[in-house]
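Chain and residue survey
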Amino acid sequence: ALYEKIRAVKGVKKAFVGSGIRYDLFDKSNYLETVIKHHTSGRLKVAPEHTEDKVLKLMRKPSFGLFERLNDEFRSVCRREGLNYQLIPYFISSHPGCREVDMAELAVETKNLNLHLEQVQDFTPTPMTLSTEIYYTGFHPYTGERVFTATTRDEKLAQRKYFFWYDRAYKFEITQSLKKLHRNDLLRKLFPGKQIN
């Protein structure tokens, strides 16, 4: 209703949503179609933040399946309306609870969706959040469970490189890491046809 009011204001040609839309709200009526048709300047930014459910649960975010559905619906609306728009997802590495293998899984998932990520960052503690509490204490405050968190530079870089699986500069390093992790299954998914010794 607010978007309709904005579009009705005399002298306003376009009002674009830059970022910050909670994409779990797109389930409601024709909200996604309205945003794409009237309030997207060509790139719609959303924040799935991760692909792995155990990490998303600590982030208090919905399952990645919801993003996959959004991606399909976004493409469908763009095809129907003849719009050459992009959906730009934002992801985080080194979040509490995220291990290197979770980032390798993220790389496989984003590869399967043909996403070459650009909106990425390492986890940054922010005041008064569950994630920051876990980051500083090493424990989940509601369960008392110990939670792994990448804190050193090396641990963070080990996770970050998986964002860029498509960049040849990272291929050797990712290959070596996945061999050390004994995850040849993920290596084959990321780099099909690669000789694994």
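Quick look at the structure, then. Sequence order as written defines the numbering, with residues in each chain counted from 1. With the structure being a predicted model, the display of local features is reserved for residues of pLDDT at least 70 and the display and counting of side-chain atom pairs for 80 or more, all residues being used for whole-chain, interface and lining totals. Where side-chain values are given, they derive from all heavy atoms of the structure, hydrogens and water being excluded.

**Some remarks on the side chain of D102**
- Strands here are runs of E lasting at least two residues and helices are runs of H or I lasting at least four, both read from the DSSP assignment and numbered beginning at the N terminus. Tracing the backbone through its elements, the reader meets D102 in helix α5 (residues 100-112).
- A polar atom in the side chain of D102 sits 2.8 Å from the backbone nitrogen of R99.
- Those residues in contact with D102 that lie beyond four places of it in its chain are H50, E52, K54, V55 and G97. Polar contact is the term for a pair of N or O atoms within 3.5 Å; when the atoms are in protein, one must be able to donate a hydrogen and the other to accept it, and sequence-neighboring residues count only if both atoms are side-chain atoms. Here, residues are in contact when the closest pair of their heavy atoms is within 4.5 Å.

**Re the sheet that holds strand β2 (residues 86-93)**
- As summarised here, the arrangement of the three strands in space is β1-β2-β3, forming an open sheet in which the pairing is parallel. Pairing within the sheet leaves two strands with one partner each, and these edge strands are β1 (43-49) and β3 (119-122). The mean inter-strand angle of the sheet, taken between neighbouring strand axes irrespective of direction, is 20°.
- At least two DSSP bridges between two strands are required for those strands to pair. Where β2 and β3 come together, four bridges link them in parallel fashion. For Y90, the partnering residue across the bridge sits in β3 and is Q119.
- For helices, the fitted axis covers only the stretch in contact; all axes are lines through C-alpha atoms, and the angles between them, taken along N-to-C directions, range from 0 to 180 degrees. Against the sheet, helix α4 (residues 64-81) engages β1 and β2, with an angle of about 160° to β2.

**A look at the pattern of salt bridges**
- Any carboxyl oxygen of Asp or Glu that lies within 4 Å of a side-chain nitrogen of Lys or Arg is treated as forming a salt bridge with it. One pass over the full model with this rule turns up eleven salt bridges.
- Of the charged contacts, one joins K37 and E33 as a salt bridge, the two residues approaching to 3.8 Å between their closest N and O atoms. Pair noted here: K37 and E33 are both in helix α2 (residues 31-39), with a separation of four residues, about one helical turn.
- What makes E33 partly exposed here is its relative accessible area of 24%.
- D185 is the partner of R183 in a salt bridge, and the nearest nitrogen-oxygen pair spans 2.8 Å.
- Buried residues are those whose accessible area, probed at 1.4 Å on protein chains only, stays under 20% of the maximum for their type, while exposed residues exceed 50% and partly exposed ones sit between those limits. On the basis of relative accessibility, which here comes to 22%, the residue R183 falls in the partly exposed class.

**Some thoughts on the nonpolar core**
- Throughout this description, the term nonpolar core refers to a set of buried Ala, Val, Leu, Ile, Met, Phe, Trp, Tyr and Cys residues connected via side-chain atoms within 4.5 Å. Ranked by size, the top nonpolar core spans 46 residues in total, and within it F26 and F67 carry the most contacts.
- Those elements that place two or more of their residues in this core are α2, β1, α3 (53-59), α4, β2, α5, α8 (168-180) and α9 (184-190).
- The element contributing the most residues to this core is α4, with seven residues.
- Not counting the four nearest positions on each side in its chain, F26 is found in contact with I21, Y31, L32, V35, L44, V46 and L70.

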